[in-house]
Amino acid sequence: MNKDLTVGNPQKVLWKFCLPLFGSIIFQQIYNIADSLIAGKFIGENALAAVGNSYEITLIFIAFAFGCNIGCSVIISQLFGAKQYTELKTAVKTAMIGSAILCLILMMIGTFGSHVLLTLIHTPENIFSDSQLYLDIYVWGLPFVFFYNIATGIFSALGDSKTPFWFLAISSTANIFVDILFVKTFRMGVAGVAWATFLCQGISCILALIFVFVRLHKIETTSKGKLFSFELFKKIAIIAVPSILQQSFISVGNIIIQSVINGFGSSVIAGYSAAIKLNNLVITSFTTLGNGISNYTAQNIGAQKLGRVKEGFSAGRKMVWLLCIPLFLLYMFAGEILIRFFMDNPSQEALHTGITILRIFSPFYFVVSVKLVADGILRGAGMMKQFMIATFTDLILRVVLAFVLSGTALGATGIWCAWPIGWTIAMIFSIHFYNAKYKNA
């Protein structure tokens, strides 16, 4: 059901809209967590390290899909808020064609360049072949990743956050069982983990696209609209390209950091792989809630209701802080239990690494969550220059400090300290840019 986000109490509107988005991202992350958990439990520590090692590269591909999602979603939100339905349908077709071309290019790069990418990040020899196998299979599933993201972006732009939730809930739950079937019963190893994700993401993508086309067909327009619009493509790109750069450079930064981590051996890699999956569950949840705030902001800007943007920030901040409290307590005090979920017999070094990361990261979730709420408003308002400044501040600090601090007496622990420092300084920038535009709105 389409939902107008420009009317009603902002706090209630955002809660109703964002909670299904949060549920969706939980299930989205179950895909990745299930891969690592089952690899570690049923294959071994090296398999967990291999999946985690490849995961950092797959995040680059996800960054492009995510950017297409945001660009499409923000522009369609603005058109929906302004009730320009013919242009809205043209924007959907334009986004799909542009995303298809981009996806094809990335598939070619992934297919022919996986060995080079894994070599560049100094992948240890004992996990190299499994890392490449996982990555090769993942690349062939990229069309599903791209078009699913476009579909969810359209649903969100129309104010519908519930439909994507149901698709993900079903497909990610199925992914767990297919993972276990392929790995434990069929003994397919790391390939089984990759093929299970490929299959379940494919079904989810196809169903989501069918529902999108049915939903769009029900929106009445005065004319059929164009198949492709360069003007709308430019508007989408203005939002999408900075979002792609943000996510891809963060991923590149993480890959650079991964190369530093790889120098500490496969046990540290395994511990990091488990902890970073748990951390990404949190950060992606905050990012998704920020995306919901982007849709809310864009619709209200389209409807010229700027005062509601400030109210949306206040409501969004309360929402993410309520989420931070249980996550902080869980990661700070139950970190060992969570890390052990990923490995049957973890080495002491792997276990210590995972617990340390969670204890360093979790207190700063209260900081990074506010940054991501402010970023959501900056994106929805089209303030991409300011958005990029805050993002690159975080990235550059994180990469530089990972190199510097890992060479001190802190060792690997120095790497983990880079995240909170980057989050804190970038948050200051994001809040400054938000206040400069909307504090007196």
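To start, this report covers the structure provided alongside it. (Residues numbered from 1 in each chain as written. Predicted model: local features only at pLDDT ≥ 70, side-chain atom pairs only at ≥ 80, totals over all residues. Heavy atoms only, no water.)

**As for the packing of aromatic side chains**
- Inspection of the entire model under this criterion finds 18 aromatic pairs.
- Ring geometry for Phe 165 against Trp 166: centres 5.1 Å apart, planes inclined by 70 degrees, an arrangement best described as edge-to-face.
- Classification of Trp 166 as exposed rests on a relative accessible area of 55%.
- Between the aromatic rings of Phe 328 and Phe 366, the centroid separation amounts to 6.1 Å while the plane-to-plane angle is 65 degrees, which identifies the pairing as edge-to-face. One end of the pair, Phe 328, is in helix α10 (residues 307-333); the other, Phe 366, is in helix α13 (residues 365-380), and 38 residues separate them in sequence.
- Through a chain of ring-to-ring contacts, three or more aromatic side chains come together here, namely Tyr 272, Phe 286, Tyr 331, Phe 361, Tyr 365, Trp 416, Trp 419 and Trp 423. (Phe/Tyr/Trp six-rings, centres within 6.5 Å; stacked < 30°, edge-to-face > 60°. Buried < 20%, exposed > 50% of the residue type's maximum accessible area, 1.4 Å probe, protein only. Helix = DSSP H or I, 4+ residues; strand = E, 2+ residues; numbered from the N terminus.)

**Describing the side chain of Arg 398**
- Counting through the fold element by element, Arg 398 comes out in helix α14 (residues 384-406).
- Dropping the residues within four chain positions of it, Arg 398 is found in contact with Ile 250, Asn 254, Ile 257, Ala 418, Trp 419 and Trp 423. (Contact = heavy atoms within 4.5 Å.)

**A closer look at the nonpolar core**
- Counting residues in hydrophobic clusters, the biggest one holds 133 residues, and the most contacted among them are Ile 154, Phe 286, Ile 339, Phe 361, Tyr 365, Trp 416 and Trp 419.
- If near-sequence neighbours (up to four positions away) are discounted, Tyr 365 is found in contact with Asn 279, Val 282, Ile 283, Phe 286, Cys 324, Tyr 331 and Trp 423.
- Among the nonpolar cores identified, the runner-up in size contains 11 residues, and Ala 39, Tyr 134, Ile 137 and Val 193 belong to it. (Core = buried A, V, L, I, M, F, W, Y, C linked by side-chain atoms within 4.5 Å.)

**A look at the environment of Phe 264**
- Relative to the helices and strands, Phe 264 is located in the loop between α8 (230-262) and α9 (266-302).
- The spatial distance from the C-alpha of Phe 264 to the C-alpha of Ala 409 is 14 Å, given a sequence separation of 145 residues.
- The contacts of Phe 264, once residues within four sequence positions are left out, are Glu 349, Ser 406, Gly 411, Ala 412 and Ile 415.

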